[in-house]
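# Topology and contacts: notes
Read off the chains here:
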Amino acid sequence: MIAGLRQDLRTIWGITTMRYALVGVSALLFSITAVAAGLPQFYERQLGVKGGQAEALFAVLVIAGGLPGVLLGGRLADRYSSRIRGARMAIPAYCILVGTSLFTMSYLWVPIGVAIPLELVGFFITTMSIPSLRAGLSDAVPANLRGAGFGAFNLCSVLFGQAAAPLILFGISGAFDDNLRTALLAVSPPVFVGALLLLRARDHLDEDAAKIFQAILTAMQEQQEREAKGQA
């Protein structure tokens, strides 16, 4: 089982799209996890929101921005999959770049009446990337390896993206007198790096998907030839 898993992971890492996507998603989730951990306290310390209201405000952002974003993102992924080169990697990259830019603007010295709308729109646009990204990963991995592919995706996300993010965020905050504004600005750049890596993955997605399709056709032809020989 272990030998088979190693072989599957080597095969997955050998897919160019997956290499860029795994590294890109790890960078993305590092910043996203840090933001999710620090945003309620940012509201309290820098924007003057009361404790219980800060958590409620964050929940409103997740619900009001996240749910519509995921639903619309799924429609975009299907509608433009054949109209844009590498759409299922390109759409997430552009959504993340725009959404993160809005979030970064909200960390600047702006009043809460400006920061919250920026974050609401940013959350909406960023979550539009989720359905398309998952569909793109499915396109790039052969059907028999999709379980291992998503396992590798989750492993990289947790180990290299999510595990250390809160520790680093609050460590930076503590170094600057508990200033979460500075800490959130400091952990934002990896998101842009991750989005740019997804754009690189876009250049290989159609090619990798075509290879998978060709392999399926070849396997079907070989199966038909074996059956024809058996009948003869």
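Everything that follows concerns the structure shown earlier in this document.
Residues numbered from 1 in each chain as written. Predicted model: local features only at pLDDT ≥ 70, side-chain atom pairs only at ≥ 80, totals over all residues. Heavy atoms only, no water.

## Things to note about the packing of aromatic side chains
Note the threshold: When two rings of Phe, Tyr or Trp (its six-membered ring) have centres within 6.5 Å they constitute a pair, described as stacked for plane angles under 30 degrees, edge-to-face for angles over 60, and tilted for the intermediate range. Secondary structure follows DSSP: runs of H or I at least 4 residues long count as helices, runs of E at least 2 residues long count as strands, and numbering of each begins at the N terminus.
Tallying each qualifying case throughout the model produces four aromatic pairs. Seen from their ring centres, phenylalanine 42 and tyrosine 43 are 6.2 Å apart, and the 50 degrees between their planes marks the pair as tilted. Both rings, one in phenylalanine 103 and one in phenylalanine 123, keep their centres 6.4 Å apart while their planes meet at 55 degrees; by these two values the pair is tilted. Highlighted residues: phenylalanine 103 in helix 4 (residues 87-106) and phenylalanine 123 in helix 5 (residues 112-127), separated in sequence by 20 residues. One aromatic cluster is present, formed by Phe42, Tyr43, Phe103, Tyr107 and Phe123 through successive ring pairs.

## Things to note about the nonpolar core
What counts here: Only buried residues count toward a nonpolar core, which is a set of Ala, Val, Leu, Ile, Met, Phe, Trp, Tyr and Cys residues joined through side-chain atoms within 4.5 Å. Each residue is placed in one exposure class: buried if its accessible area under a 1.4 Å probe, protein chains only, is under 20% of its type's maximum, exposed if it is over 50%, and partly exposed if it falls in between. Whether two residues are in contact is decided by their heavy atoms: any pair within 4.5 Å suffices.
Of all hydrophobic cores here, the largest spans 22 residues; its most connected members are Leu39, Phe42, Tyr43, Tyr107, Leu169 and Leu184. Only helix 2 (16-45), helix 3 (51-79), helix 5, helix 8 (165-175) and helix 9 (180-187) provide two or more residues apiece to this core. Per element, the largest residue contribution to this core is six residues, and it comes from helix 2. Ignoring sequence-local partners within four residues, the contact set of leucine 169 consists of Ala34, Gly38, Leu180, Ala183, Leu184 and Val187.

## Observations concerning the layout of surface pockets
Heads up, the rule is: Only protein atoms enter the 1 Å grid, on which a cavity is a set of points fitting a 1.4 Å probe that cannot get out and a pocket is an open set with protein on both sides within 12 Å along at least 5 of 7 lines, lining residues being those with an atom within 4 Å of a point. Grid points are joined across faces, edges and corners, and a volume is the space filled by probe spheres set on the points. The nonpolar class holds Ala, Val, Leu, Ile, Met, Phe, Trp, Tyr, Cys and Pro. Asp, Glu, Lys and Arg form the charged class, and all remaining residues, Gly among them, are polar.
Here the largest pocket defines a volume of roughly 610 Å³. If you trace the largest pocket, you find 25 residues lining it, with Leu28, Leu29, Ile32, Thr126 and Ile130 closest to the centre. Elements represented by at least two residues in the lining of the largest pocket include exactly helix 2, helix 4, helix 5, helix 6 (129-140) and helix 7 (146-162). Here the element with the most residues in the lining of the largest pocket is helix 2; it accounts for nine residues. Considering only residue class, the lining of the largest pocket consists of 16 nonpolar, eight polar and one charged.

## Comments concerning helix 9
For the record, the criterion: By definition, the arc is the one covered by directions from the helix axis to the C-beta atoms. Distance and chemistry together define a polar contact, namely a pair of N or O atoms within 3.5 Å, with one atom able to donate a hydrogen and the other to accept it when in protein, and with adjacent residues in sequence counting only for side-chain atoms on both sides.
Buried within helix 9 we find Leu180, Arg181, Ala183, Leu184 and Val187. Down the axis, helix 9 shows its buried residues gathered within 165 degrees of arc, on one side only. Two or three places before arginine 181, at the opening of helix 9, asparagine 179 has a side-chain oxygen 3.0 Å from that residue's backbone nitrogen.

## Quick look at the environment of isoleucine 168
Looking at the element boundaries, isoleucine 168 is found in helix 8. Given the relative accessible area of 37%, isoleucine 168 is considered partly exposed. Taking C-alpha positions, isoleucine 168 is 9.9 Å from alanine 186, a pair spaced 18 residues apart along the chain.

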